[in-house]
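Fold and contact review
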Amino acid sequence: MRKTSSNGAGSALSHAHRRAARLFAGSVAALIVVAFVSFCMGPSSVSLGDIAAFVTGAPVDATVANIIVNIRMPRVVAGLVAGAALSVAGALIQAVLDNPLASPSVIGINSGAGLAVLAVSACPLFYNDPPRELLPLVAFAGALVAAGLVFAISARAGVSRLTVVLSGVAINAVAGAGMNTVLLVAPNVYVGSSAYLVGGFSGVLMRNLMLPALLAVGGMVAACCLANRLNVLSLGREAAHGLGMRTVAVCLAALAVAALLAGCAVSFGGLIGFVGLMVPHTVRRLTGHDNRVVIPLCAMCGAAFTVLCDTVARTVFAPYELPVGILLSLVGGPFFIYLIMARKGFRDE
């Protein structure tokens, strides 16, 4: 009898491993295809042959090479980094707060990062020309403050799903008022106000992506290192504490990593919303709640999804360009309503 039970458990585990492997392979394939499509599509067409020639070092028309290097490559890399960072940040926040409605944009982390960036940009010392290498760190600081406030308010009022969301609404409102105040006092800050507040990758340069990309990669590695502890935390804080885990330290570390990731994305992409809500929720529906699988899969799926949305946004409405933040809000808003109507987020536990 025990032998049969053991075989059944081993079979189920093997099936889960095979399923995870298929999902990883599919997400990698989707990521590659979406990236190539994004390179090719736009007002000026670039063929797969042009891309292959450029990659292999073969002769390429100067105009085509300029489009690839200065327009398409920064945009694709920006979408990959922002999508992966925001998705992993959302996965961490949802795991720590045990709330499928929690995400960097919903609980005010993106707004905190945006307020910090705008405030520094309007500072007389840096006005209109802040050091670009400083912005990811500034955005991280703003995101960390917002995440800390939400965590502190929730801990003080009782960590429930409703409390977390309402705390985030309050932080979003305060940070939004702060950003509008900065733009009213200093309307010419370098980020281009409305475009930054909406979120998008137009005009992003490769040299401005290097530091955020490196920090985002480091943050995602740290998130993967926290995966096992987050799995233990999912058993309940009392149970995790009983197993010897320092639950508060793990929660704070995960929120700090989420703030770093969200800050990196906001520093060059603006207030892009809902990626950190939709992707982790969908990935968990497909894979379960093992964060060792969820976190890396969120990185790949989030990167592919954001680049796909950016490609659609800049091609469907040609010759006009729709910032990707608008398209993501159009998709994410109904998704958020669906979660509420399904009563998956407002069980006050």
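Right above here is the structure, for reference.
Attention here is on the structure that accompanies the text. Just so it is clear, the model here is predicted, and its values are computed rather than measured.

Attention now goes to the packing of helix H12 (residues 275-287) against helix H13 (residues 291-315). Viewed as axis vectors pointing N to C, H12 and H13 meet at an angle of 130°, and their least axial separation amounts to 9 Å. Between H12 and H13, the crossing angle belongs to the class labelled oblique. For the pair H12 and H13, the sense of crossing is right-handed. Facing H12, whose interface residues are Val 275, Met 278, Val 279, Pro 280, Val 283, Arg 284 and Thr 287, H13 presents Asn 291, Val 293, Val 294, Leu 297, Cys 298, Cys 301, Gly 302, Phe 305 and Thr 306. Broken down by class, the residue content of the contact of H12 with H13 amounts to 11 nonpolar, 4 polar and 1 charged.

Across all of its chains, the model carries 2 aromatic pairs by this definition. Here the aromatic rings of Phe 335 and Tyr 338 are separated by 6.1 Å at their centres, their planes lie at 55°, and the arrangement is tilted. Linking Phe 335 with Tyr 338, this pair stays in helix H14 (residues 324-341), spanning 3 residues, or about one helical turn.

Between side chains of opposite charge, pairing is possible as soon as their charged atoms come close. Going through the model one piece at a time under the given rule, you end up with 4 salt bridges. One salt bridge connects Asp 290 with Arg 292, and the closest N-O pair in it is separated by 2.9 Å.

Moving on, we get to the nonpolar core. Within the largest apolar cluster, 86 residues are counted, with the highest numbers of intra-cluster contacts made by Leu 92, Ile 107, Leu 230 and Leu 261. Setting aside its immediate chain neighbours within four residues, Leu 92 contacts Ala 223, Leu 230, Ala 254, Val 257, Ala 258, Leu 261 and Ile 295. Phe 39, Val 46, Ile 67 and Ile 68 belong to the second-largest nonpolar core, a separate cluster that totals 9 residues.

Parameters and conventions
- Residues numbered from 1 in each chain as written.
- Predicted model: local features only at pLDDT ≥ 70, side-chain atom pairs only at ≥ 80, totals over all residues.
- Heavy atoms only, no water.
- Axes fitted to C-alpha atoms, helices over the stretch in contact; angles between N-to-C directions.
- Helix = DSSP H or I, 4+ residues; strand = E, 2+ residues; numbered from the N terminus.
- Parallel < 35°, antiparallel > 145°, perpendicular 65-115°, else oblique.
- Left-handed = near helix turned anticlockwise from the far one by under 90°.
- Contact = heavy atoms within 4.5 Å.
- Nonpolar A, V, L, I, M, F, W, Y, C, P; charged D, E, K, R; others polar.
- Phe/Tyr/Trp six-rings, centres within 6.5 Å; stacked < 30°, edge-to-face > 60°.
- Salt bridge = Lys/Arg side-chain N within 4 Å of Asp/Glu carboxyl O.
- Core = buried A, V, L, I, M, F, W, Y, C linked by side-chain atoms within 4.5 Å.
- Buried < 20%, exposed > 50% of the residue type's maximum accessible area, 1.4 Å probe, protein only.

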